[in-house]
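In case you want the letters, here they are:
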Amino acid sequence: KRDIQKAFSLYLSPELVTDIAENPEALALGGKRCELSCHFSDIENFTNFSEQLTPEKLTALMNRYLGEMTEGVLESGGTLDKYIGDAVMAFWGAPLPHPGHALTACQVALRNQERLAVLRAALIKEGYPVVKARIGLNSGMASVGNMGSPKRFSYTALGDDVNLASRLEGANKVYGTYILISHATRVQAGRDIEVRELDLLKVKGKDTASAVYELLG
């Protein structure tokens, strides 16, 4: 049982693995509403520099990059949802409640940028292109659980507030920023963060504009 839990913890959050081991009936399709903070990140100009590298060098680079980004999420009690190419999706607040999830998400985003700065310098010395990442954060309600088909599913979060985090990650391109957070995340994180208000932004799929902020520290 310990060996199986250790193996599956490489794929899923340790908390989720423990829950499944103790409650096998949890391995069924379904979701529940949770309040959480969601994180999306991806590499700036990934397509351009991936074409400059051999498959072997690209794989080595991605494993180092994703390793650094993932460590920050897991150390803070976050759930790694999935990798989508060079993109990382993660959240705080499920499967276990996470008080202060908005502040934690902000702290991890800042620490990951610091980690990346160190990694970037090392990679440049090794002849790799400059690696920078954009991050989007939002806090709100989501449906979290096992999604897919009866034969193959994944534990993930769905909903408008999840989508907004993804949209904010992409909106960094417009503002020339590297961490964008929503008004909801800014309010929940409170005075423990420093931000610069940028704009009122209406993202695709939303009818109203909302304030967006660059996370500074």
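Residues numbered from 1 in each chain as written. Predicted model: local features only at pLDDT ≥ 70, side-chain atom pairs only at ≥ 80, totals over all residues. Heavy atoms only, no water.

*Asks:* Can you break down the side chain of Asn 172 residue by residue, with the values?
*Replies:* Here Asn 172 shows up in helix 6 (residues 160–175). Here Ile 135 takes part through its backbone oxygen, which lies 3.0 Å from a polar atom of the side chain of Asn 172. A distance of 3.4 Å separates a polar atom in the side chain of Asn 172 from the backbone nitrogen of Tyr 178. Those residues in contact with Asn 172, other than ones at most four positions away along the chain, are Arg 134, Ile 135, Gly 136, Thr 177, Tyr 178, Ile 179 and Leu 180. (Helix = DSSP H or I, 4+ residues; strand = E, 2+ residues; numbered from the N terminus. Polar contact = N/O pair within 3.5 Å; in protein donor to acceptor, adjacent residues only side chain to side chain. Contact = heavy atoms within 4.5 Å.)

*Asks:* So, the packing of helix 4 (residues 55–75) against helix 5 (residues 101–125): which residues are in play, and what are the values?
*Replies:* It is at 9 Å that the axes of helix 4 and helix 5 come closest, and there the two elements cross at 155°. The angle between helix 4 and helix 5 places the two elements in the roughly antiparallel class. The hand of the helix 4/helix 5 crossing is right-handed. Mapping the contact onto sequence places Leu 61, Arg 64, Tyr 65, Glu 68, Met 69, Glu 71, Gly 72, Val 73 and Glu 75 in helix 4 and Val 108, Asn 112, Arg 115, Leu 116, Leu 119, Ala 122 and Leu 123 in helix 5. Looking at the contact of helix 4 with helix 5 residue by residue, the classes come out as 9 nonpolar, 2 polar and 5 charged. (Axes fitted to C-alpha atoms, helices over the stretch in contact; angles between N-to-C directions. Parallel < 35°, antiparallel > 145°, perpendicular 65-115°, else oblique. Left-handed = near helix turned anticlockwise from the far one by under 90°. Nonpolar A, V, L, I, M, F, W, Y, C, P; charged D, E, K, R; others polar.)

*Asks:* Lay out the layout of surface pockets with the relevant residues and their values.
*Replies:* Gaps between atoms show up when a probe of the same size as a water molecule is rolled over them. By volume, the second largest pocket is sized at about 180 Å³. Forming the boundary of the second largest pocket are 16 residues, of which Asn 138, Leu 164, Ser 182, Lys 206 and Ser 210 lie nearest the centre. Elements with a contribution of two residues or more to the lining of the second largest pocket: strand 4 (133–149), helix 6, helix 7 (183–189) and strand 8 (210–215). Grouping the constituent residues of the lining of the second largest pocket by class yields 8 nonpolar, 6 polar and 2 charged. (1 Å grid on protein atoms, 1.4 Å probe; cavity = no way out; pocket = protein on both sides within 12 Å on 5 of 7 lines; lining within 4 Å. Points joined across faces, edges and corners; volume = space filled by probe spheres on them.)

*Asks:* Tell me about the state of the cysteines, and name the residues and values.
*Replies:* With the rule as written, the count across this model stands at 0 disulfides. With no disulfide of its own, Cys 34 lies closest to Cys 38 among cysteine sulfurs, the gap being 12 Å. (Disulfide = S-S within 2.5 Å.)

*Asks:* Kindly report on the nonpolar core, identifying the contributing residues and their values.
*Replies:* Residues Cys 106, Leu 137, Ile 179, Ile 181, Ile 193 and Leu 215 are the most contacted members of the largest nonpolar core, which totals 19 residues. Of all the secondary structure elements, the ones that give two or more residues to this core are strand 3 (87–92), helix 5, strand 4, strand 6 (179–182) and strand 8. When residues in this core are grouped by element, the largest group, 6 residues, is from helix 5. If we ignore the near neighbours within four places in the chain, the residues touching Leu 137 are Cys 38, His 39, Ala 105, Cys 106, Ala 109, Ala 165, Leu 168, Leu 180, Ile 181, Ser 182 and Thr 185. Formed by 18 residues, the second largest nonpolar core is a distinct cluster that contains Leu 61, Met 62, Leu 66 and Leu 116. (Core = buried A, V, L, I, M, F, W, Y, C linked by side-chain atoms within 4.5 Å. Buried < 20%, exposed > 50% of the residue type's maximum accessible area, 1.4 Å probe, protein only.)

*Asks:* Tell me about helix 6, and name the residues and values.
*Replies:* Its 16 residues give helix 6 an end-to-end C-alpha distance of 22 Å, which sits within 8% of 22 Å, the value for a rise of 1.5 Å per residue. Maximum bend of helix 6: about 30°, positioned at Glu 169. Within helix 6, burial applies to Val 162, Leu 164, Ala 165, Leu 168, Glu 169, Ala 171 and Asn 172. Following helix 6 by one or two positions, Gly 176 has its phi on the positive side, about 70°. (Expected span 1.5 Å × (residues − 1). Bend = angle between axes of the 7 residues up to and from the residue.)

*Asks:* Requested: an account of unusual backbone geometry, with residues and values cited.
*Replies:* For the peptide bond that leads from Ala 94 to Pro 95, omega is 5°, which places it in the cis range. Inspection of the secondary structure assignment puts Pro 95 in the loop between strand 3 and helix 5. Look at Asn 45: it is not a glycine, yet its phi comes out positive at around 55°. With respect to the helices, strands and loops of the structure, Asn 45 is situated in the loop between strand 1 (30–43) and helix 3 (46–50). Among the residues examined, Asn 45 registers a relative accessible area of 47% and is labelled partly exposed.

*Asks:* Run through the side chain of Ser 37, naming residues and quoting values.
*Replies:* Position of Ser 37 among the secondary structure elements: in strand 1. Exposure remark for Ser 37: the relative accessible area of 1% places this residue in the buried category. For Ser 37, the side chain forms a polar contact with the side chain of His 101, separated by 2.7 Å. Side-chain polar atoms of Ser 37 contact the backbone nitrogen of Ala 102, separated by 3.4 Å.

*Asks:* Just give me the short version of the packing of aromatic side chains, but keep the residues and values in it.
*Replies:* Evaluation of the coordinates by the stated rule reveals 1 aromatic pair. In this structure, Lys 57 packs its charged tip against the face of Tyr 128, placed 4.6 Å from the ring centre. (Phe/Tyr/Trp six-rings, centres within 6.5 Å; stacked < 30°, edge-to-face > 60°. Lys NZ or Arg CZ within 6 Å of the ring centre and 35° of its normal.)

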